[in-house]
Amino acid sequence: MEKIGNQISAEMKKELSFDNRLCHSFVSNGKIDEYLQRLENEIDSAKTPEEIAQAEFKFPRGGSIGLLEANTQIVDRYEGIARKYSAHNITGPINVLWIHHFISGEEQKAEKIFKEFLSSSPRLMFHRIVQVAREKNDEQMMNKLITVLKNASHVSEGAMGNAYSALIDIHVTNGNADVVLATVKSAVDSACLENINGTALQRAKAVVEKAGKSFPYKLIEKKSGGKQQDSSSSSSSSSSDD
C-alpha cells in the first residue's frame, strides 16, 4: 500500500480514499500501535504551513472512526494525538473522537470535546452518528444530535436537514402519524422544506395520510440540471466523515 501511495497523485489518493484504505491495511495486519505512531509522527514533524496542510489531508477520518469502534482500548492515546492536530487548527481527528463518544453514549466526554474544540468549528462531521441512529432506529440519539447541531455556530440548513431527515425516517418506521407530522414541522422550521430529503418526506406523507390526516407541505422534485419543480422529492446534504 505504501509503495502504491508513493506512485499516485494527491488527487488520485483523494478519489480512492487512499489514506482510509492504508489505515485499514495497518489495522488488518495487527499494526495499530505502529499506525498511531505514524499519525503522531506526521503531526510532530509538520512545521511549515504546507506540511501542516499535508498532515491534515493525509489524516484518515473515516478509517479512524472504524479504528476506535474496533479498538476502544486506544481511545486515550488517540485523544492525545488528536489534540496535537487540534493545536494546528486541524479539528478532523478530534471530531472523530467526539463521534465515537457520542455513539458510545459517553455524553459528558462528548460534550466536553464539543465545547472545547467543535462548537465554533466551520465544519462538523456527524454522518456516522446519523448512520448508526438509522441502523438502530434510535430516535433518542437523533434528537440529541439535533440539539447539538442547533447549539453549534456554523451548521448549515442543509446539514440540519440531513439530521432531521433521518429522524423523520425513524418516526415513519415507528408509524406514529402525529409524531411524524410534528417532526416534519420542526424540520421545516429549522431547515426549510427544500433541505429535507424528498424520500423521507414522501414516506412521512404516506404515513400521515394513511392515518386520515392532512399533510400540509408541497413536496419538491429536482429537475435535471439542478432546478426544482413541485412534485415528490428533494435533496439534502451534510458533512461527510470520509
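Peer 1: Explanation requested: helix α8 (residues 92-104) in the structure shown.
Peer 2: Each turn of an α-helix holds 3.6 residues, which means side chains three or four residues apart point in the same direction. Its 13 residues give α8 an end-to-end C-alpha distance of 18 Å, which sits within 8% of 18 Å, the value for a rise of 1.5 Å per residue. Counting buried positions along α8 yields 12 of 13 residues, so the element is predominantly enclosed. Inspection of α8 places G92, P93, I94, N95, V96, L97, W98, I99, H100, H101, F102 and I103 among the buried residues, and these make up the whole buried set. Where α8 terminates, the next one or two residues include G105, which has phi positive at roughly 80 degrees.

Peer 1: In this structure, what is going on with unusual backbone geometry? I would like to understand it.
Peer 2: Note: most residues except glycine have negative phi, and most peptide bonds are trans. Even without glycine at this site, N89 takes up a positive phi of about 60 degrees. For N89, the location among the structural elements is in the loop between α7 (75-86) and α8. In this model, C192 sits at a positive phi of 75 degrees, which is unusual for a non-glycine residue. By the secondary structure assignment, C192 is in the loop between α13 (177-191) and α14 (198-210).

Peer 1: Whenever I open this one, the nonpolar core confuses me. Can you help?
Peer 2: The nonpolar side chains of a soluble globular protein tend to be buried with one another. Core analysis: the biggest nonpolar cluster contains 74 residues, and W98, F126, I129, M142, L145 and V184 have the highest contact counts within it. Sorting elements by how many residues they give to this core places helix α12 (residues 157-174) first, with 9 residues. Other than its neighbours up to four places away in sequence, V184 contacts I168, L201, A204, F215 and Y217.

Peer 1: Which parts of the structure should I look at to understand the packing of α8 against helix α11 (residues 139-151)?
Peer 2: Each pair of packed helices can be summarised by the angle the axes make with each other and by the distance between the axes. Contact geometry for α8 and α11: axes closest at 11 Å, N-to-C directions at 140 degrees. Between α8 and α11, the angle is such that the two are oblique. Along its contact with α8, which presents W98, F102 and I103, the element α11 presents M141, K144, L145 and V148. Residue composition of the contact of α8 with α11, by class: 6 nonpolar, no polar and 1 charged.

Peer 1: What is the right way to read the packing of aromatic side chains from this model?
Peer 2: In this description, an aromatic ring pair is defined by two values, namely the gap between the centres and the angle between the planes. Per the counting criterion, the structure on display carries 5 aromatic pairs. Note on F59 and Y85: the rings are 5.0 Å apart at their centroids and 70 degrees apart in plane angle, and the pair reads as edge-to-face. Placement of the pair is F59 in the loop between α5 (49-58) and α6 (61-70) and Y85 in helix α7, with a sequence separation of 26 residues. Neither F59 nor Y85 differs from the other in exposure class; each is buried. Ring geometry for W98 against F114: centres 5.7 Å apart, planes inclined by 40 degrees, an arrangement best described as tilted. On the criterion of sequence distance, the pair formed by W98 in helix α8 and F114 in helix α9 (residues 107-118) is long-range, its members being 16 residues apart. Accessibility assignment for this pair places W98 and F114 in one class, buried. Through a chain of ring-to-ring contacts, the aromatic side chains of F59, Y78 and Y85 assemble into a single cluster.

Peer 1: Which parts of the structure should I look at to understand the pattern of salt bridges?
Peer 2: Between side chains of opposite charge, a pair can form when the charged atoms approach closely. Under the counting rule described, the total for this entry stands at 14 salt bridges. For the salt bridge of D44 with K84, the shortest nitrogen-to-oxygen distance reads 3.2 Å. A residue pair is termed long-range when its members are at least 10 positions apart, and D44 in helix α4 (residues 32-44) and K84 in helix α7 qualify at 40 residues. By relative accessible area, K84 is classed as partly exposed at 31%. Each member of the salt-bridge network shares a partner with another, and the members are E40, D44 and K84.

Peer 1: Looking at this structure, how should I read the packing of helix α10 (residues 127-136) against α11?
Peer 2: Two elements in contact, α10 and α11, have axes separated by 8 Å at closest approach and are oriented at 155 degrees. Taken together, the axes of α10 and α11 are roughly antiparallel relative to one another. Every pair of crossing elements has a handedness; the one defined by α10 and α11 is left-handed. On α11, the residues touching I129, V130, V132 and A133 of α10 are M141, M142 and L145. Its residues assigned to classes, the contact of α10 with α11 comprises 7 nonpolar, no polar and no charged.

Cut-offs used in this document
- Residues numbered from 1 in each chain as written.
- Predicted model: local features only at pLDDT ≥ 70, side-chain atom pairs only at ≥ 80, totals over all residues.
- Heavy atoms only, no water.
- Helix = DSSP H or I, 4+ residues; strand = E, 2+ residues; numbered from the N terminus.
- Expected span 1.5 Å × (residues − 1).
- Buried < 20%, exposed > 50% of the residue type's maximum accessible area, 1.4 Å probe, protein only.
- Core = buried A, V, L, I, M, F, W, Y, C linked by side-chain atoms within 4.5 Å.
- Contact = heavy atoms within 4.5 Å.
- Axes fitted to C-alpha atoms, helices over the stretch in contact; angles between N-to-C directions.
- Parallel < 35°, antiparallel > 145°, perpendicular 65-115°, else oblique.
- Nonpolar A, V, L, I, M, F, W, Y, C, P; charged D, E, K, R; others polar.
- Phe/Tyr/Trp six-rings, centres within 6.5 Å; stacked < 30°, edge-to-face > 60°.
- Salt bridge = Lys/Arg side-chain N within 4 Å of Asp/Glu carboxyl O.
- Left-handed = near helix turned anticlockwise from the far one by under 90°.

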